[in-house]
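Report on the structure
Here is how the chains run, residue by residue.
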Amino acid sequence: MGRVKLEHGLVKYIADDKIYYVKQHFDPSLMPGHSSHRFVVHETFFSYGPIERIVSLLGIGRVNIVSVKLEHEMDLSHEDREKLTELVGPKFYFSRAAYQYDKNSLPHKDPETAMGYQVVFDTVMRNWDNGERNIWYVSGVPVWFDFGASLDPRCHNIYRFLLKLQDAADTGRVSSIKRYFENFSRHRNDILNRAISMVKSITLSEIRTIVDVAEDRYAGYFAEYLAKNVSQIDDDIDIMRGAFLQKELESDRSLIYTSIPREVFGRQVK
Ligand SMILES: Nc1ncnc2c1ncn2[C@@H]1O[C@H](COP(=O)(O)OP(=O)(O)OP(=O)(O)O)[C@@H](O)[C@H]1O
Ligand SMILES: [Mg+2]
């Protein structure tokens, strides 16, 4: 049996020395103004447990992120469940405390590498909310938590995702993606390329299995969403690089055109 703790308005659940933050789960809400049948999925997903679970299952071992568990995976006693219902709400899920991770158990021990891999991974997940408010540093190494903004149907289009990153930055939530491109370098570009290879190793059957484990209502939709993003990750990262490196263009065009054959931009590349 675990222990439920309320600390500074946040609810924690502790079992076998593992600390979890307990988050309220909300069912999807209807997207206002889109009654048309042109959209496959009409809902928006906010604090929707299965999305965080999918992201964590795909990312553990690949990027520095925390593990997320759904309610039925936690072996809760009747009393635990009642107490959590009272404190959090009728439905909830669990996010493992980032500060409990040990630097040596994380896939990336170098902060810059960790960030570059996160940029590519979160582009696949369309997670724009991966800035400082959702990072914990263990011995200087970032660990990301809170993937609730991921897989939003409205951000599937990469240009919509870019607009969302810009909007979020305008309201003070600067994503790790934007920050990564601020001090872009050849080294950072190499990290991105390695991370792209890592993403490309995700197979369709892994996506299907993971989505099936975490999600029962929209499994087909999320599997398709992810499969498409994995297959076009090179192009998407090129678009991100192009968008964020506008200012660098004049000083070093080669940073932008590194992954495009020279002959295509023959005269522009110095
Ligand atoms: N897995 C975790 N590890 C460490 N801290 C966490 C974790 N999950 C939640 N927290 C803490 O709880 C706070 C709120 O959680 P969360 O980020 O999930 O909600 P939020 O509504 O997005 O809040 P915020 O606007 O701060 O991002 C975080 O700012 C953080 O302090
Ligand atoms: Mg958050």
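Rules used in this analysis
Residues numbered from 1 in each chain as written. Chains lettered and ligands numbered in written order. Predicted model: local features only at pLDDT ≥ 70, side-chain atom pairs only at ≥ 80, totals over all residues. Helix = DSSP H or I, 4+ residues; strand = E, 2+ residues; numbered from the N terminus. Buried ≥ 20, exposed ≤ 12 C-beta atoms within 10 Å, placed from the backbone. Contact = placed C-beta atoms within 7 Å. pLDDT = per-residue confidence, 0-100. Pairing = 2+ DSSP bridges. Axes fitted to C-alpha atoms, helices over the stretch in contact; angles between N-to-C directions. Near = placed C-beta within 6 Å. Nonpolar A, V, L, I, M, F, W, Y, C, P; charged D, E, K, R; others polar.

1. Some points on the overall build of the protein
In terms of regular secondary structure, the protein is built from ten helices and nine strands. For the protein, the residues scored as buried account for 35% of the 270 residues in total. Contacts spanning at least 24 positions in sequence make up 66% of the contacts within the protein whose residues lie at least 6 apart.

2. Let's talk about the confidence of the model for the protein
Across the protein, pLDDT averages 90, with 86% of residues at or above 70. Residue range residues 265–270 is modelled with pLDDT below 50. Its contacts to residues more than four positions away, or to other chains, number nine contacts.

3. Considerations on the environment of L70
When you line up the elements, L70 lands in strand β6 (residues 68–70). Along the primary structure L70 and S95 are separated by 25 residues, whereas in three dimensions their C-alpha atoms are 9.0 Å apart. Setting aside chain neighbours within four positions, we find L70 in contact with G49, P50, R53 and Y93.

4. Regarding the sheet that holds strand β1 (residues 3–7)
The five strands are arranged β1-β2-β3-β7-β6 in an open sheet whose pairing can be described as antiparallel. Looking at strand neighbours, the two that pair on one side only are β1 and β6, the edges of this open sheet. Taken over all neighbouring pairs, the strand axes of this sheet differ in orientation by 30 degrees on average, direction set aside. Contacts between helix α1 (residues 49–59) and the sheet are confined to β6 and β7 (92–96), with β6 contributing the most and set at about 135 degrees to the helix. Set on the sheet, helix α2 (residues 78–87) makes contact with β1, β2 (10–15), β3 (18–24) and β7; between it and β1 the angle comes to about 20 degrees.

5. Focus: α1
Within α1, ten of the eleven residues are buried, which leaves it mostly tucked inside the rest of the structure. Among the residues of α1, those classed as buried are G49, P50, I51, E52, R53, I54, V55, S56, L58 and G59. If you follow the buried residues of α1, they end up packed against β6, β7, α3 (111–125), α7 (204–214) and α8 (219–231). Among the residues trailing α1, G61 stands out with phi positive, at a value near 90 degrees.

6. Remarks on the site of ligand 1
Neighbouring ligand 1 are 13 residues, the closest being Y21, S95, A98, F145 and D146. Counting only elements with at least two residues in the shell around ligand 1, the list comes to β3 and β7. Partitioning the shell around ligand 1 into residue classes produces seven nonpolar, two polar and four charged.

7. Digging into the pairing of strand β9 (residues 141–144)
Where strand β8 (residues 135–138) lies against β9, four bridges are found, and the strand directions are antiparallel. Bridge pairing in β9 places I135 opposite W144. Between the antiparallel neighbours β8 and β9 lie two residues, among them S139 with a positive phi of about 45 degrees.

8. Let's talk about the pairing of β7
Most of β7 sits out of view: four of its five residues are buried. Both β3 and β7 contribute to a ladder of five bridges, which runs antiparallel. Directly across from K23, in β7, lies its bridge partner Y93. Relative to β7, β6 is paired through three bridges, and the arrangement is antiparallel. Looking at β7, one finds that L70 is bridged to Y93.

9. Quick look at unusual backbone geometry
Keep in mind that most residues, glycine aside, have a negative phi and that most peptide bonds are trans. If you check the backbone angles, R126 has positive phi at about 55 degrees while not being a glycine. Here R126 shows up in the loop between α3 and β8. For R126, a count of 24 C-beta atoms within 10 Å corresponds to the buried category. Here the phi dihedral of S139 falls at roughly 45 degrees; this positive angle occurs in a residue that is not glycine. Tracing the backbone shows S139 in the loop between β8 and β9. Owing to 10 C-beta atoms within 10 Å, S139 belongs among the exposed residues under this scheme.

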